[in-house]
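# Architecture at a glance
Residue strings, one per chain:
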Amino acid sequence: MSLNGGLKIVLPILATVAIMAPLGWMWQTSRVPGTYSVMNMGYPDYGGGHVSDSSSGGEMQGHVHNHHSLPSRMITDLIVNPARPADVRVDLVTRQEMLTVGGRPMPGFTVNGVSPGPEIRARQGQLIEVQLRNESVSDGVTLHWHGIDVPNAMDGVAGVTQDAVPVGGEFTYRFVADQAGSFWYHSHQVSNPQVVGGLLGSLVVTPRSGIAQQVDVSAVAHTYGGLRTINGKAEDLRVPTQPGQRVRVRVTNTDNGPMKVWAGGSYRLLAVDGTEVHRPTEVSGRAVTLTAGARVELEVKVPGDGDAFRVQLTKTTAVIIGPQGADVAAPPQPNAELDLLAYGSPASLGFDPAQPSRRFDYRIDRRPGFVKGRPGMWWSINGHLYPNVPMYVVREGDVVLMHIENHSGEVHPMHLHGHHVVVLARNGVAATGSPWWVDSLNVLTNETYDVALVANNPGVWMDHCHNLKHAAQGMVAHLLYEGFDTPYRIAGPADNQPE
Ligand code: C2O
Ligand code: CU
């Protein structure tokens, strides 16, 4: 073989090695161990605050809790007083079965035989106890209480705060409904197919003082196999009322993408994500955006002349409020948006965000690489791909600022468990309206948000995208309180798959 001929063979091999070796390394580091603790995920980010004196770690080795001094407290201790009796007791049974939506049969999931499952209603301050039994969901199930800041052991995240409940298994959730508002529950085991397939329901906590409206109605918006529904029916929701009555309409978006809500007349936006808006004014000709997982409460007035009032949940479905048989033409979708950055009047936040203990970045981009051993264009958080993402470490009592930035080309509904965050600014423009507290935030591409929270609910909490497809693709990070640990494992014998 001539020298030239040899090079012809060797050079391509060298080139291949030069390309493949780093790729192989990237692939190797992207692989997720067969089973692991969320505590070992990624690298600790202390946000410029107190650093726990453990190894500062590397990717996938960054044990945040301390092995050398005090033992960590297990999050399983974070429960409500077991001696306190329940005020509201509910049995929920989950099944994997065929649904009929709009006359069409499709595979899905039910809670007590229906999807959405039964609405749980409680009064503020009551202790809710839910006994979950999984009858036939083969992958196992959990229940997460979206928007309710429950004690960590009740958060319902498989592999983080509990094991998935297998077929025939049971789990009891107990928490106090401290906050009045509209919330929902859904599985957090293999959540993308299970939530999309209907393993969800509404949870309403009415204020101690009651509500000022005569009629209180819930509208859970969900898309089953491409069919838009309200409360599981692919049709308008009719609410019989008397002329002149005031109605509270609770809208929950349980889909993976944002939805728009508007009305055929004026309305007031009473609450967002279970928090009252301070001094909400009358709005007309404006649509409200509900990000995936978000809720709004609208107050509308039934016309005095016997006509109906329409609240559109997208163009396809509506809540029609009025006397029996009354209807009204669908109002066109307004171009203008109700901007919550400047809606209502300012009020005290109860803490000072100008004196933060930590500042974090949650920067979302997209880049090529490997996630879970698969090549692709993946979502990155602060430049890192899952599972090498930041673990945001806080201490109880910290005032935490989070700067969220999205340059990924798509919208992301960002959801932090166990806390509500208040929006301080969007794209650098400071909020001027009512304190805008959310648990689910619509972050458009090229938008930035500055939000703040008080670390007042210890444990380990997911902070993820509620487009559950994106979450399954690795758009998941966690907020960890220093000194806490979990005995649960992702994967493992219970096959926990939170996304
Ligand atoms: Cu609606 Cu992580 O959840
Ligand atoms: Cu996303």
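Here is what the cut-offs are and how they apply
- Along each chain, numbering runs from 1 in the same order as the chain's sequence is written.
- Chain labels run from A onward and ligand labels from 1 onward, assigned in the order the entries are written.
- Since the coordinates come from a predicted model, pLDDT governs what is reported: local features require at least 70, and pairs of side-chain atoms require 80 or more to be given and counted, while whole-chain, interface and lining totals use all residues.
- Only hydrogens and water are set aside when side-chain values are computed; all heavy atoms of the structure are taken into account.
- Any two rings among Phe, Tyr and Trp, with Trp reduced to its six-membered ring, count as a pair given centres within 6.5 Å; such a pair is stacked if its planes are under 30 degrees apart, edge-to-face if over 60, and tilted if neither.
- Only runs of H or I of at least four residues qualify as helices and only runs of E of at least two qualify as strands under DSSP, and these elements are numbered from the N terminus.
- Exposure is judged per residue with a 1.4 Å probe applied to protein chains only, and the accessible area is read against the type maximum: over 50% gives exposed, under 20% gives buried, and values in between give partly exposed.
- In this scheme, the term charge over a ring applies when either NZ of a lysine or CZ of an arginine sits within 6 Å of the ring centre and within 35 degrees of the ring normal.
- As annotated, the domain borders come from an automatic or database domain assignment.
- Contact between two residues is taken to exist if any of their heavy atoms lie within 4.5 Å; hydrogens are not considered.
- By buried area we mean how much accessible surface two parts lose on assembly, using a 1.4 Å probe and totalling the loss over both.
- Basic side-chain nitrogens of Lys or Arg form a salt bridge, by our definition, when they fall within 4 Å of a carboxyl oxygen of Asp or Glu.
- In the analysis that follows, any N or O atom pair within 3.5 Å is treated as a polar contact, provided that within protein one partner can donate a hydrogen and the other can accept it, and provided that, for residues neighboring in sequence, both atoms belong to side chains.
- Two strands make a pair as long as DSSP finds a minimum of two bridges between them.
- Between N-to-C directions, angles cover 0 to 180 degrees, with each direction set by a line fitted to C-alpha atoms, over the stretch in contact for helices.
- Here a cavity denotes a set of grid points, spaced 1 Å apart and computed over the protein atoms alone, in which a 1.4 Å probe fits but from which it cannot get out, and a pocket denotes an open set meeting protein on both sides within 12 Å along at least five of seven lines; residues with an atom within 4 Å of a point are reported as lining.
- Grid points are joined across faces, edges and corners, and a volume is the space filled by probe spheres set on the points.

## Focus on the packing of aromatic side chains
- According to the stated counting rule, one finds eight aromatic pairs in the structure shown.
- Consider the rings of phenylalanine 360 and tyrosine 392, whose centres lie 4.9 Å apart with planes at 65°: the pair is edge-to-face. Here tyrosine 392 lies in strand β27 (residues 390–394) and phenylalanine 360 lies in strand β24 (residues 358–371), a separation of 32 residues in the sequence.
- With relative accessibility at 2%, the residue phenylalanine 360 sits in the buried group.
- Ring centres of tryptophan 436 and tyrosine 449 lie 6.2 Å apart, and the angle between their planes is 75°; this geometry places the pair in the edge-to-face category. Of this pair, tryptophan 436 sits in the loop between β31 (429–430) and β32 (437–438) while tyrosine 449 sits in strand β34 (residues 448–454); the two residues are 13 residues apart in sequence, bridging distant segments of the chain.
- For tyrosine 449, a relative accessible area of 4% puts it in the buried group.
- Each residue in the set Trp145, Phe171, Tyr173, Phe175 and Tyr185 is aromatic and connected to the rest through ring pairs, giving one cluster.
- Directly above the ring of tryptophan 379 sits arginine 366, whose terminal nitrogen or CZ lies 4.1 Å from the centroid.

## Describing the domain arrangement of the protein
- Under the domain assignment, the protein is made up of domain 1 (38–75 + 349–491), domain 2 (88–206) and domain 3 (215–338).
- Taking only C-alpha atoms, the centre of domain 2 and the centre of domain 3 are 24 Å apart.
- Facing 26 residues of domain 2, the contacting portion of domain 3 comprises 23 residues.
- Across the domain 2 to domain 3 interface the summed buried area is about 1800 Å²; carbon plus sulfur atoms make up 54%.
- For the domain 2 face of the interface with domain 3, the top three residues by lost area are Val101, Ser182 and Trp184, together amounting to 29%.
- On the surface where domain 2 and domain 3 come into contact, there are one salt bridge.
- With a shortest N-O distance of 2.9 Å, aspartate 216 and arginine 121 are connected by a salt bridge.
- Linking domain 2 to domain 3 there are 14 residue pairs in polar contact (both at pLDDT 80 or more).

## Thoughts on the side chain of glutamine 162
- Looking at the element boundaries, glutamine 162 is found in the loop between β8 (144–146) and β9 (170–176).
- In this structure glutamine 162 comes out as buried when scored by relative accessible area, which is 0%.
- Residues in contact with glutamine 162, not counting those within four places in the same chain, are Thr142, Gly156, Val157, Phe171, Tyr173, Tyr488 and Asn496.

## Details of the sheet that holds strand β23 (residues 317–322)
- Strand order in the open sheet formed by five strands is β14-β23-β22-β16-β20, and the pairing between neighbours is mixed. For this open sheet the edge positions go to β14 (237–240) and β20 (288–290), each flanked by a neighbour on one side alone. Pairs of neighbouring strands in the sheet enclose a mean axial angle of 20°, with direction left out of account.
- Pairing between β14 and β23: four bridges, direction parallel.

## Comments concerning the layout of surface pockets
- Here the largest pocket is characterised by a volume of approximately 530 Å³.
- For the lining of the largest pocket, the secondary-structure elements that each account for two or more residues are β18 (275–276) and β34.
- Put simply, the second largest pocket is a space of about 360 Å³.
- Along its surface, the second largest pocket is lined by 23 residues, and Thr289, Glu337, Trp436, Asn442 and Tyr449 are the ones closest to its centre.

## Topic: unusual backbone geometry
- Along the chain, serine 115 connects to proline 116 via a cis peptide bond; the corresponding omega equals -5°.
- With respect to the element layout, proline 116 can be found in the loop between β5 (104–111) and β6 (120–123).
- Note the cis peptide between tyrosine 386 and proline 387, where omega equals 5°.
- Structurally, proline 387 is set in the loop between β26 (384–385) and β27.
- Located in the positive-phi region is threonine 314, a residue other than glycine, with phi close to 65°.
- Structurally, threonine 314 is set in the loop between β22 (309–313) and β23.
- For threonine 314, a relative accessible area of 12% corresponds to the buried category.
- In the Ramachandran plot, lysine 372 falls in the positive-phi region, its phi being about 50° despite a non-glycine side chain.
- Considering the arrangement of structural elements, one finds lysine 372 in the loop between β24 and β25 (374–381).
- Judged by its relative accessible area of 33%, lysine 372 is partly exposed.

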